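# Report on the structure
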Amino acid sequence: MFNPGNIGELKLQNRFIRSATAEFIANDEDGTITEEYYPLYSNLGLGEIGLIIQGHLYVMDEGKAHTHMAGIANDMQIDGLKKITKLVHEADKRNLIAAQLNHGGANSVSTKTASAREDKGVKVMSGEDIENVIKGFGAAALRVKKAGYDAVQIHSAHGYLLSQFLSTKTNKRTDSWGGSLENRARFLLTVYHAIRAAVGPNYPVLVKMNGSDDPLEGFTVEEGAKVASWLANEGLDAIEVSGMKSTRPVKKANEGYFVATGRRISHHIGDMPLILVGGLRSQTQIQELHDEFADFISLCRPFIREPDLVQKFRSGKKRADCISCNRCFKERIVTKCFELED
Ligand SMILES: Cc1cc2nc3c(=O)[nH]c(=O)nc-3n(C[C@H](O)[C@H](O)[C@H](O)COP(=O)(O)O)c2cc1C
Ligand code: SF4
């Protein structure tokens, strides 16, 4: 796990990734970042983490997924983000930071937003709406480069817009964006192409995707493996395998709760690196999974509690202290671990 590894042209100092973690501290009126981001990312920047993925950024105002979410929907938002990338790069010259791009779809704050189907009062997206969102992702990816990020990740997991299209539970369309797997995956693939066209052939583009939408049964792991293989064929640089109910409590029995999905997908993606996420806590298990199939291991909650966890693992620590109580998630505060405060 402590050997360097490549994602496209990026050389990561080790195989640990900080999975995207929404910060809930952006200015709510305009999605710009606040000073509260700086200590959070300075700390992570000192932690010798192979790649830091910042919390999701909305690509269009109507795709904002929750209050106090940061955006990359207009040029005005670039300057603040630039400060974060600069800070991380200055903390340690080996550091790499990626931006994660998202559109909430039916799970957006705005009632004007559009989705794959009528849901919670939101309207079904027209072909024109879909084209606008695709353009929005492309334009946002250009801003990602301008803000100094080393890579961009497309959020196609956890029930947000792109994953809503993948699943038959949320995609009831009868046009070319719904029905067959090819049609359901068209949105994600087209967004990927728009982003690739915007950032160029060598800039690392990653996707975080539900390997399946279990327990909904609208997107199977066989389908997840197919979509992942299509993305690999199109030149995607890495896939992070996640799933629904992404922040589960972690017990001994379900430690690494997307292991089976990740393993299955790993057989279908050729040389494209696979990043595994979800309840990984023990160094022994992490190393075994890496030896078996997971090129990189991604952690979220453990880095809230221990931003220096990679260094601790290197010094022989056996498992992360995070007990996955989810208080940080429920209270929407990721600048501290509640268990440490009590
Ligand atoms: C507070 C919090 C915020 C999160 N924000 C994001 C996010 O912005 N984008 C994303 O893809 N996943 C997000 N997640 C999910 C994590 O990236 C990760 O997939 C999940 O927590 C499982 O990993 P873990 O067991 O190491 O925490 C978030 C999770 C938590 C707890
Ligand atoms: S609050 Fe709970 S879930 Fe969050 S980092 Fe602390 S122990 Fe982990």
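Scroll up to find the structure this text is about.
Since the structure is predicted, the reported quantities are computational estimates derived from the model, not experimental observations. (Residues numbered from 1 in each chain as written. Chains lettered and ligands numbered in written order. Predicted model: local features only at pLDDT ≥ 70, side-chain atom pairs only at ≥ 80, totals over all residues. Heavy atoms only, no water.)

Scanning the chain for helices and strands turns up twelve helices and 13 strands. Taken against the 2.2 N^0.38 rule, which gives 20 Å for 342 residues, the C-alpha radius of gyration of the chain at 18 Å falls within 12% of a compact globule. For the chain, the spread of C-alpha atoms along the principal axes amounts to about 55 × 40 × 40 Å. In the chain, the proportion of contacts linking residues at least 24 apart, taken out of those at least 6 apart, comes to 69%. With 43 positive and 43 negative side-chain charges, the chain shows a separation of 2 Å between the mean positions of the two kinds. (Helix = DSSP H or I, 4+ residues; strand = E, 2+ residues; numbered from the N terminus. Rg over C-alpha atoms; globule rule 2.2 N^0.38 Å. Contact = heavy atoms within 4.5 Å. Lys, Arg positive; Asp, Glu negative; His and termini not counted. Charge placed at Lys NZ, Arg CZ, Asp CG, Glu CD.)

The next subject is the packing of helix 5 (residues 181-199) against helix 6 (residues 221-233). The contact between helix 5 and helix 6 brings their axes to 11 Å, and the two run at 35°. Crossing geometry of helix 5 relative to helix 6 is assigned as right-handed. Counting all contacts with helix 5, which are made through Leu181, Glu182, Arg184, Ala185, Leu188, Leu189 and Tyr192, the residues of helix 6 involved are Glu223, Lys226, Val227, Trp230 and Leu231. Taken together, the residues of the contact of helix 5 with helix 6 sort by class into eight nonpolar, no polar and four charged. (Axes fitted to C-alpha atoms, helices over the stretch in contact; angles between N-to-C directions. Left-handed = near helix turned anticlockwise from the far one by under 90°. Nonpolar A, V, L, I, M, F, W, Y, C, P; charged D, E, K, R; others polar.)

As a matter of local geometry, ligand 1 sits amid 23 residues, with Ala20, Ala22, Gly279, Arg281 and Arg301 nearest to it. Between ligand 1 and cysteine 300, the relevant distance is 2.9 Å, taken from an oxygen atom to a main-chain nitrogen or oxygen of the residue. Arginine 301 is positioned such that a nitrogen or oxygen atom in its side chain is 2.6 Å from an oxygen atom of ligand 1. Protein chains bury 97% of the 610 Å² of accessible surface belonging to ligand 1 in isolation. Taken atom by atom, the bulk of ligand 1 overlaps the largest pocket. Those elements giving two or more residues to the shell around ligand 1 turn out to be strand 3 (16-21) and helix 9 (301-305). Among the elements that line the shell around ligand 1, the one with the most residues is strand 3, at three residues. Partitioned by chemical class, the residues of the shell around ligand 1 number nine nonpolar, eleven polar and three charged. (Near = heavy atom within 4 Å. Polar contact = N/O pair within 3.5 Å; in protein donor to acceptor, adjacent residues only side chain to side chain. Areas by Shrake-Rupley, 256 points an atom, 1.4 Å probe, with all protein chains shown as cover. 1 Å grid on protein atoms, 1.4 Å probe; cavity = no way out; pocket = protein on both sides within 12 Å on 5 of 7 lines; lining within 4 Å. Sits in = over half its atoms within 2 Å of the grid points.)

On to the pairing of strand 11 (residues 238-242). For strand 11, the buried fraction is high: five of the five residues fall into the buried class. Side-chain alternation along strand 11 places Ala238, Glu240 and Ser242 on one buried face and Ile239 and Val241 on a second face that is also buried. As defined by bridge partners, strand 10 (residues 205-210) adjoins strand 11 across five bridges and the pair is classed as parallel. In the strand pairing of strand 11, valine 207 is matched with isoleucine 239. In terms of handedness, the path from strand 10 via helix 6 over to strand 11 forms a crossover that is right-handed. Relative to strand 12 (residues 274-277), strand 11 runs parallel, the two sharing three bridges. (Buried < 20%, exposed > 50% of the residue type's maximum accessible area, 1.4 Å probe, protein only. Pairing = 2+ DSSP bridges. Right-handed = clockwise from strand over helix to strand, strands pointing away.)

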